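Read off the chains here:
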Amino acid sequence: MSEHQENGERSQALAPTTHFGYQEVSETEKEQLVKGVFSSVASKYDLMNDLMSLGVHRLWKRFTVDLARPRPGQRVLDLAGGTGDLAAAIYPRVRPNGSIVVSDINPEMLAVGENRLADKGIIADIEFVEANAEALPFPDREFDLVTLAFGIRNMTHPERALSEIHRVLKTGGRVLILEFSHPRWPGLQSIYDLYSFNLLPRIGELIAKDRESYQYLVESIRRFPDQETFKMMMEDAGLARVEIFNLSGGIVALHRGFRMD
């Protein structure tokens, strides 16, 4: 083995690692792998969400928007905005004079969202920005409200994303984070595991022709911290008055927090 190969392998071994589902990968590799997953599923993402949740994801998102209470004139950031579901629901509530930024690290997902909202006539005062949530290209104290649905578990450093959310919120601003979590009803976990690990990848294979991506999505849910741990992560990032709202028995949890400083 050459000295160059040895140095390369040594550098790779020393590189910081993280999880990609149940695999251990380098941090730089994870970002590319996650991008690949969502590039693959972008065109079928909403159809798959409907099939996987039996349409209930729409109720979870409606509850999120109702609890967010966006008001006319406010400036909103929808992180990991993907196909634009939250932005479409928030848009009429901040009009007139309000505005929304939809941000996503994945250009294919962002394009789906932009086209969908344009089809709904949502064009004015809405901006689409390709950006990493761990290093947002926005000024401090820019937004009244930040929303993030089903995206933070895919981030390499969710704690950095939470710090960035705190940074870009105005004093008194709020963040709502909707994410798959840990079931709280007795007996629900075993049923949920059976459904997730056996049926969901099969659905992904049949409908999206992509079993591996949906296998990763199931594994990423299991690796995500439980409700109380994630609440502490939000508080460590400087967010205050953090509340947990368990939905569907804790299969999904909505966390709400505020910037008070």
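Quick note: structure is the one above.
In what follows, the accompanying structure is described. Everything quoted here is computed from the prediction, not taken from an experiment.

Counted according to the given criterion, the structure contains 12 salt bridges. Asp193 is the partner of Arg222 in a salt bridge, and the nearest nitrogen-oxygen pair spans 2.8 Å. Note that Arg222 is positioned in helix α9 (residues 211-223) and Asp193 in helix α8 (residues 188-208), a separation of 29 residues in sequence. Asp193 gets classed as partly exposed once you look at its relative accessible area, which sits at 26%. By sharing partners, the salt bridges in this structure join Lys61, Asp85 and Arg116 into a single network.

For the rest of this paragraph, the subject is helix α7 (residues 158-168). Those residues of α7 lying buried are Pro158, Ala161, Leu162, Glu164, Ile165, His166 and Val168. Summarising the contacts, the buried residues of α7 are in contact with β3 (75-79), β6 (143-149), β7 (169-180) and α10 (227-236).

One open sheet accounts for 7 strands, arranged β5-β4-β3-β6-β7-β9-β8; its pairing is mixed. Looking along the sheet, the strands with just one partner apiece sit at the ends: β5 (126-130) and β8 (240-247). Neighbour to neighbour, the strand axes of the sheet diverge by 15° on average, direction disregarded. Two elements, β3 and β6, share 4 bridges in a ladder whose sense is parallel. By the bridge assignment for β6, Val76 is matched with Leu145. Its contacts with the sheet put helix α4 (residues 56-68) on β6, β7, β8 and β9 (252-258), and the angle it makes with β7 is roughly 165°.

Within the fold, Arg153 resides in the loop between β6 and α7. A polar contact is formed between the side chain of Arg153 and the side chain of Ser220, at a distance of 2.8 Å.

Let's shift gears to the packing of α4 against helix α5 (residues 85-94). When two helices pack together, their arrangement is given by the angle between the helix axes and by the axis-to-axis distance. α5 packs onto α4 with a crossing angle of 40° between their chain directions and a minimal axis gap of 10 Å. The way α4 lies across α5 gives a crossing that is right-handed. Taken together, the residues of α5 that come into contact with α4 (itself represented by His57, Lys61, Val65 and Asp66) are Asp85, Leu86, Ala89, Ile90 and Arg93. Here the residues of the contact of α4 with α5 sort into 4 nonpolar, 1 polar and 4 charged.

Our focus in this paragraph is unusual backbone geometry. Cis geometry marks the peptide bond from Arg95 to Pro96, where omega comes out at -5°. Positionally, Pro96 belongs in the loop between α5 and β4 (99-104). The phi angle at Asn97 is positive, at roughly 80°, despite the residue not being glycine. Residue classification places Asn97 among the exposed residues on the basis of a relative accessible area of 68%. Of note in the backbone geometry, Arg241 takes a positive phi value of approximately 50° without being a glycine. Tracing the backbone shows Arg241 in strand β8. The exposure class of Arg241 is exposed, given its relative accessible area of 54%.

Here the focus is the packing of α7 against α10. Contact geometry for α7 and α10: axes closest at 9 Å, N-to-C directions at 50°. With respect to their mutual orientation, α7 and α10 come out oblique. The two elements α7 and α10 meet at a crossing, and its hand is right-handed. Within the contact between the two elements, α7 uses Pro158, Glu159 and Leu162 and α10 uses Phe230, Met233 and Met234.

All chains considered together, the criterion is met by 6 aromatic pairs. Relative to Phe180, the ring of Trp60 has its centre 6.1 Å away and its plane inclined at 90°; by these criteria the two rings are edge-to-face. Of this pair, Trp60 sits in helix α4 while Phe180 is found in strand β7, placing the two residues 120 residues apart along the sequence. Seen from their ring centres, Phe224 and Phe230 are 5.2 Å apart, and the 50° between their planes marks the pair as tilted. Each residue in the set Trp60, Phe150 and Phe180 is aromatic and connected to the rest through ring pairs, giving one cluster. In this structure, Arg241 is placed above the aromatic ring of Phe258, and the distance from its NZ or CZ to the ring centre is 4.4 Å.

Take the environment of Arg174 next. Here Arg174 lies in strand β7. For Arg174, a relative accessible area of 8% translates into the label buried. As a C-alpha pair, Arg174 and Ala240 span 66 residues in sequence and 9.3 Å in three-dimensional space.

Procedures and definitions
Note on numbering: residues in each chain are counted from 1, in written sequence order. Only residues with pLDDT of 70 or above have their local features reported here, since the model is predicted, and side-chain atom pairs are shown and tallied only from 80 upward, although totals for entire chains, interfaces and linings are computed over all residues. Calculated side-chain values reflect all of the structure's heavy atoms, with hydrogen atoms and water omitted. Any Lys or Arg side-chain nitrogen found within 4 Å of a carboxyl oxygen on Asp or Glu counts as a salt bridge. Secondary structure elements follow DSSP: runs of H or I of four or more residues count as helices, runs of E of two or more count as strands, with numbering from the N terminus. Any residue under 20% of the maximum accessible area for its type is buried, any over 50% is exposed, and the rest in between are partly exposed; the area is computed with a 1.4 Å probe on protein chains only. By the convention used here, residues are in contact when the closest approach between their heavy atoms is within 4.5 Å. Strand pairing is assigned whenever DSSP identifies at least 2 bridges connecting the two strands. Helix axes are fitted to C-alpha atoms over the stretch in contact, other axes to C-alpha atoms as well, and angles between N-to-C directions run from 0 to 180 degrees. Polar contact criterion, stated in full: a pair of N or O atoms within 3.5 Å, where within protein one must be able to donate a hydrogen and the other to accept it, and residues adjacent in sequence count only if both atoms are side-chain atoms. The sense of a crossing depends on the near helix, which, turned anticlockwise from the far helix by less than a right angle, makes the crossing left-handed and, turned clockwise, makes it right-handed. Side-chain classes follow a simple rule in which Ala, Val, Leu, Ile, Met, Phe, Trp, Tyr, Cys and Pro form the nonpolar group, Asp, Glu, Lys and Arg form the charged group, and the remainder, Gly included, forms the polar group. Oblique is the label for any angle not covered by the other classes, which are roughly parallel (under 35 degrees), roughly antiparallel (over 145) and roughly perpendicular (65 to 115). Aromatic contacts are taken between Phe, Tyr and Trp rings whose centres are within 6.5 Å, Trp giving its six-membered ring; a plane angle under 30 degrees counts as stacked, one over 60 as edge-to-face, and the others as tilted. Ring-over charges, as used throughout, are those where CZ of Arg or NZ of Lys falls within 6 Å of the ring centre and within 35 degrees of the ring normal.

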